[in-house]
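Listed here are the chains, written in short residue letters.
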Amino acid sequence: MKTFIFAHRGASRLAPENTMAAFILAQKMGADGVETDVQLTKDHIPVLIHDETLHRTTDGTGYVKDYTFEELKRLDAGSWFSEKYKGEQLLSLEEFLQWIASTNLVMNIELKNNLIDYKDIEQKVFNLITHYKLEHRTIISSFNPKSIRRFRRISKEIECACLTSRRPKDLQQLIQDSKANALHIKYTALTKGLLKEADRLQLPVRTYTINRPSRLMRSYKLNLDGIFTDVPHSAIEYKELYLH
Ligand code: G3P
Ligand code: MG
């Protein structure tokens, strides 16, 4: 069974999402990889945060795109989650990659450019990945198929996944248009028919975000290529149970 376990925004059930604390915890738990979300700051620096706005996961307000990275670095990205994590900071993609390079984790960088089409985000992210020589353990994904196509033009060797929360009407067309070479799909949109089609197109399939034991077990049974989970420790426990 090949299913890779990706910690979704790090071990985000137990530590504030997309912070170093959440990533380090995921690694300690034994996850195979980590998933993170990237937006661009006012000074065009790729920064790890899920929302386009700051209020949910920091003590800031307004849009990420309206602040420089230096300004964002002063925010508290941990207190909203718990007092224990007070003082956690937002990370630049570069800070994250420096850490990834010191581990053997695989990573999925999700470009959050479906609402704001950040100019040149693909090139900026690509430059950092190559600087740290992480091409072979990186998967790029986006809900924006045009962005995937742009990334594929820049790099042929980095795996790129189309993200979707619905069952694609025509998977082959989506893949042809985006030039993606993997599919990341919401668990509730996954069907056996779609898996068969993905198999025919030789596409790796990974699913998000699964935390419940029954869903974890079904994903292992379906031999999916990967799962994104907020509870990597639990996913590992059930994987071991499934294998024995
Ligand atoms: O990449 C899988 C998953 O992270 C996509 O949805 O909203 O959690 O970023 P979201
Ligand atoms: Mg994501």
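On a predicted model such as this, the values are computed, not experimentally measured, just so you know.

1. Notes on the overall build of the protein chain
The helix and strand inventory of the protein chain stands at nine helices and ten strands. Radius of gyration (C-alpha) of the protein chain: 17 Å, near the 18 Å computed for a compact globule of 244 residues. Oriented by its inertia axes, the alpha-carbon framework of the protein chain measures out at about 50 × 40 × 30 Å. Residues classed as buried in the protein chain amount to 43% of the 244 residues present. Here the contacts in the protein chain between residues at least 6 apart in sequence split such that 55% fall between residues at least 24 apart.

2. So, the site of ligand 1
Close contacts around ligand 1 come from His 8, Glu 35, Asp 37, His 50, Glu 110, Ser 141, Leu 163, His 184, Tyr 208, Thr 209 and Phe 228, and that covers them all. Split into classes, the residues belonging to the shell around ligand 1 amount to three nonpolar, five polar and three charged.

3. A word on the UniProt feature "domain: GP-PDE" (unreviewed entry) in the protein chain
Taking the UniProt record as the reference, the feature "domain: GP-PDE" (unreviewed entry) is found at residues 3–239. When the span residues 3–239 is considered, its composition is 33% helix and 20% strand, and the gap between its end C-alpha atoms is 9 Å.

4. Concerning the confidence of the model for the protein chain
For the protein chain, per-residue confidence averages 97 on the pLDDT scale, and residues scoring 70 or more make up 100% of the total. Here the prediction assigns the complex a pTM of 0.98, and the interface score ipTM is 0.99.

5. Describing helix H5 (residues 145–154)
Of the residues making up H5, those classed as buried are Ser 147, Ile 148, Arg 150 and Phe 151. The buried side chains of H5 occupy one side of the element, clustering within an arc of 160 degrees when seen end-on. At its buried positions, H5 is contacted by strand E5 (106–111), helix H4 (121–131), strand E6 (138–142), strand E7 (159–164) and helix H6 (171–178).

6. Thoughts on the pairing of strand E9 (residues 205–208)
Every second residue of E9 is oriented toward a common face, with Val 205 and Thr 207 on one face and Arg 206 and Tyr 208 on the other, all of them buried. Strand direction decides the pairing type here: strand E8 (residues 182–186) and E9, joined by four bridges, are parallel. Residue Leu 183 lies in a different strand from E9, and its bridge partner there is Val 205. Sheet topology places E9 next to strand E10 (residues 226–229); two bridges connect them, and they run parallel. Pairing of Arg 206 across the sheet is with Gly 226, part of E10. Handedness of the crossover is the feature at issue here: the chain leaves E9, passes through helix H8 (residues 213–221), returns alongside E10, and the resulting connection is right-handed.

7. Overview of the pairing of strand E2 (residues 33–40)
Most of E2 is tucked away: seven of the eight residues are buried. Relative to E2, strand E1 (residues 4–8) is paired through three bridges, and the arrangement is parallel. Across the sheet, Phe 6 pairs through a bridge with Gly 33, a residue of E2. Where the polypeptide runs from E1 across helix H1 (residues 20–29) and back to E2, its parallel neighbour, the crossover connection is right-handed. As paired strands, E2 and E5 are joined by six bridges and run parallel to one another. From the neighbouring strand, Val 38 faces E5, where its bridge partner is Leu 111. Of the pairings in the sheet, the one linking E2 to strand E3 (residues 46–48) comprises three bridges and is antiparallel in character. In the strand pairing of E3, Gln 39 is matched with Val 47. Taking the residues between adjacent antiparallel strands as the criterion, E2 and E3 are bridged by five residues, where His 44 takes a positive phi near 60 degrees.

The rules behind the values
- Residues numbered from 1 in each chain as written.
- Chains lettered and ligands numbered in written order.
- Predicted model: local features only at pLDDT ≥ 70, side-chain atom pairs only at ≥ 80, totals over all residues.
- Helix = DSSP H or I, 4+ residues; strand = E, 2+ residues; numbered from the N terminus.
- Rg over C-alpha atoms; globule rule 2.2 N^0.38 Å.
- Buried ≥ 20, exposed ≤ 12 C-beta atoms within 10 Å, placed from the backbone.
- Contact = placed C-beta atoms within 7 Å.
- Near = placed C-beta within 6 Å.
- Nonpolar A, V, L, I, M, F, W, Y, C, P; charged D, E, K, R; others polar.
- UniProt positions renumbered as here; feature names shortened; annotations may be inferred.
- pLDDT = per-residue confidence, 0-100.
- Arc of directions from axis to C-beta.
- Pairing = 2+ DSSP bridges.
- Right-handed = clockwise from strand over helix to strand, strands pointing away.

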